[in-house]
Every structure is written in C-alpha cells, then in structure tokens.
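Each chain is listed here by its residues.
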Amino acid sequence: MLDPALNDRVALVTGASGGIGRAIARGLAAEGAAVACGYGANGEPAQRLAAEIVDGGGRAVALGADLRDAAAGEALVARTRSELGEIDVLVNNAGLGSRRTWEETTLDEFDEAYAVNVRAAFALAQLTLPGMRDRGFGRVLMMSSVAGLTGGIVGPHYAAAKSALHGLTHFLAGRLAGAGVTVNALAPALVKDTGMLPGDPGELARRIPVGRLGRPGEVADLALAVLRNGYITSQVISVDGGMYPH
Ligand SMILES: NC(=O)c1ccc[n+]([C@@H]2O[C@H](COP(=O)([O-])OP(=O)(O)OC[C@H]3O[C@@H](n4cnc5c(N)ncnc54)[C@H](OP(=O)(O)O)[C@@H]3O)[C@@H](O)[C@H]2O)c1
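Everything numeric in this text was worked out from a predicted model, so none of it was measured.

1. Side note on the sheet that holds strand β6 (residues 181–188)
Part 1 of the argument: Ordered by their spatial adjacency, seven strands build an open sheet running β3-β2-β1-β4-β5-β6-β7, and the pairing between neighbours is parallel. A single partner strand is all that each edge strand has here, and the edge strands are β3 (60–64) and β7 (236–239). Taken over all neighbouring pairs, the strand axes of this sheet differ in orientation by 20 degrees on average, direction set aside.
Part 2 of the argument: As paired elements, strand β5 (residues 138–143) and β6 share six bridges and run parallel to each other. Each bridged residue has a counterpart across the sheet, and for G138 the counterpart in β6 is V181.

Structure representation (structure tokens):
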C-alpha cells in the first residue's frame, strides 16, 4: 500500500546520480512521491533513474545543478516546482570529500566540501521550508556521516562539514517542529556501491563491528522510515554497523 504521508508528495533528492541518493529516490517513488533526481556532473545515471521511475508509472525528472555554486539551489528549486509542483520533501544527500590528511587538506578543498555538504543543504532548506510551513507538512533529511560524529577517515574538511549539518538540523528542527515539518539527519558509514567509499572495500569492512559494508538500500530504508514519520525530528540517526559510539 502507498504510504499516505508520502503518496502524491513532491520530493527533491540531491545526489540522486549516486548510490544512496538513487536508492532513496527509488524508495520515494515506490511510496507514490514525484521525485526530482538532482545530479552534479553525472547526468546519465540520474536521467536513467528518472526514466525508470516514469516507466514504472511514477513522476520524476532529472535536474542538474552544481552545488558548489551558491546560486545553483535557486534554479534547482524553481525547476522542480515548474516540472513537478511545490516541494514537500527535501533530501539533502549530495556530498563530496576526497580522502586527505589534515596536513594536506587545502583551504579550497575545505570550502568546496563545506559548499556542497552544508551550504547547499541550508540554501535548499531556506528556499523550500516557507512553503512546507505554510502548507503544514514538510520533511527535510540531511545525509551526514559517521565522520560528523567521530571524525572518520576521509578528512577534516569532510568531518567538519558533516558535523555542521547536525547543528543545522537541530536549529531548523526547533523552529519548524510546530508546523508539521520535521528536520533530521542520517549518519551512515562506509556504504558499498557508492562513489564515496574512501578506500579498499575489504580493508574498510574490517573497521566495522558487524563485519561488512552497509548497503544503499539499508540507508534508504531508514530514510523512508524517517520521512514517513511526523514524530521524529531534530535527530541524527546512525546507520553504521555499530561504528558509533564505539
Ligand atoms: N558511501 C559512503 O560510505 C558514505 C558514508 C557516509 C555518508 N555518505 C554520504 O552519503 C551521501 C551520498 O553519497 P554516496 O555514498 O551515494 O556517494 P556517491 O555515489 O559518490 O554520490 C554522491 C552524490 O553527490 C553528488 N554531488 C557531488 N558533488 C556535487 C556537486 N558539486 N553538485 C551536485 N551534486 C554533487 C554526486 O553527483 P554527480 O556524481 O552527478 O556529480 C552524487 O550524486 C553523501 O552526502 C555522502 O557524504 C556516504
């Protein structure tokens, strides 16, 4: 049965050309939501995903926007609205961060990680929250990382940017809680079939208490549960095979 919380809603999922975003976009479409599948440099997988959803009887569109650009969010929201309607669900999933030591991380890399992981998430929330509040329903989900809780292994730019998403989540959630709008973050660790796995899968799996990498579908399952639920807000929820708080 289609979930009444998500059926006929309009969702914007950034980073839908990647592993986790694709799984979340598919899950939202399966619940009956119309989905704008955001992408950065790789249009082909997002277009394939949107076509797959449309072929299955759903509504979807692939929209490119380079979120390193501060103005990109505005065009992305405007195009989602004109193609699909007002945005009810925002999944700030696009992320970036190459593996670096703290000594070698440049300030440009720090700024770039911050722009895509946090600034764009805020810009998109700021553009879409007024409509959600006015209509009395909204869901914002940030894709953080275990790195935002423990520091992780990618680098200081990535850890700092993901931690900043937690503060943003708590701040916004507190302001919107009475308006039917929830704001939460997920903190996955080391998910296979993604472009962001920071190293050799076998070596990385040994760092995880459950002994294996996570699957995009496991992150998407949790995302969908949070997006359906109107009573979970201001949470950072781990989906990490037991990495945090150990
Ligand atoms: N994989 C993991 O182990 C892991 C663990 C914890 C958290 N996460 C988080 O999960 C989220 C999804 O990543 P993923 O694991 O699915 O990796 P992925 O397959 O590499 O996907 C990353 C997504 O971010 C998008 N993106 C990157 N730079 C962008 C830019 N400048 N403008 C717009 N979009 C941009 C990419 O779009 P294009 O390819 O089209 O540029 C891609 O769709 C990220 O926020 C990541 O930090 C991942």
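2. Observations concerning the environment of G40
Part 1 of the argument: Assignment of secondary structure puts G40 in the loop between β2 (34–39) and α2 (43–55).
Part 2 of the argument: Under the relative-accessibility criterion, G40 is labelled partly exposed at 44%.
Part 3 of the argument: C-alpha separation for the pair G40 and V116, spaced 76 residues apart in sequence, amounts to 10 Å.
Part 4 of the argument: Other than its neighbours up to four places away in sequence, G40 contacts S17 and A65.

3. Topic: the nonpolar core
Part 1 of the argument: Residues L12, L129 and M142 are the most contacted members of the largest nonpolar core, which totals 36 residues.
Part 2 of the argument: Those elements that place two or more of their residues in this core are β1 (10–13), β2, β3, α3 (72–84), α4 (107–135), β5, α6 (156–176) and β6.
Part 3 of the argument: At eight residues, α4 tops the list of elements feeding residues into this core.
Part 4 of the argument: Setting aside anything within four residues of it in sequence, one finds M142 in contact with N92, A121, L165, L168, T169, L172, V183, N184, A185 and L186.
Part 5 of the argument: One finds A5, A23, L141 and L224 within the second-largest nonpolar core, a separate group that totals 35 residues.

4. Description of the pairing of β5
Part 1 of the argument: Taken across its six residues, β5 has six buried, putting it largely inside the fold.
Part 2 of the argument: Alternating residues of β5 divide into G138, V140 and M142 and R139, L141 and M143, and every residue in both groups is buried.
Part 3 of the argument: Across four bridges, the pairing between strand β4 (residues 89–92) and β5 is parallel. Bridge pairing in β5 places V91 opposite L141.
Part 4 of the argument: Regarding topology, α4 serves as the crossover connection from β4 to the parallel β5, and that connection is right-handed.

5. Digging into the site of the ligand
Part 1 of the argument: Neighbouring the ligand are 30 residues, the closest being S17, A41, N42, Y158 and V191.
Part 2 of the argument: Within the backbone of G195, an N or O atom sits 2.8 Å from an oxygen atom of the ligand.
Part 3 of the argument: Contact with the protein chains hides 91% of the accessible area of the ligand, taken as 890 Å² for the molecule alone.
Part 4 of the argument: Looking at the shell around the ligand, the elements with two or more residues in it are α1 (19–30) and α6.

6. Thoughts on the side chain of N93
Part 1 of the argument: Secondary-structure assignment places N93 in the loop between β4 and α4.
Part 2 of the argument: Using a relative accessible area of 9% as the deciding quantity, one classes N93 as buried.
Part 3 of the argument: In terms of polar contacts, N93 uses its side chain to reach the backbone carbonyl oxygen of G15, at 3.2 Å.
Part 4 of the argument: If we ignore the near neighbours within four places in the chain, the residues touching N93 are T14, G15, I20, G21 and M143.

Parameters and conventions
Residues numbered from 1 in each chain as written. Predicted model: local features only at pLDDT ≥ 70, side-chain atom pairs only at ≥ 80, totals over all residues. Heavy atoms only, no water. Pairing = 2+ DSSP bridges. Helix = DSSP H or I, 4+ residues; strand = E, 2+ residues; numbered from the N terminus. Axes fitted to C-alpha atoms, helices over the stretch in contact; angles between N-to-C directions. Buried < 20%, exposed > 50% of the residue type's maximum accessible area, 1.4 Å probe, protein only. Contact = heavy atoms within 4.5 Å. Core = buried A, V, L, I, M, F, W, Y, C linked by side-chain atoms within 4.5 Å. Right-handed = clockwise from strand over helix to strand, strands pointing away. Near = heavy atom within 4 Å. Polar contact = N/O pair within 3.5 Å; in protein donor to acceptor, adjacent residues only side chain to side chain. Areas by Shrake-Rupley, 256 points an atom, 1.4 Å probe, with all protein chains shown as cover.

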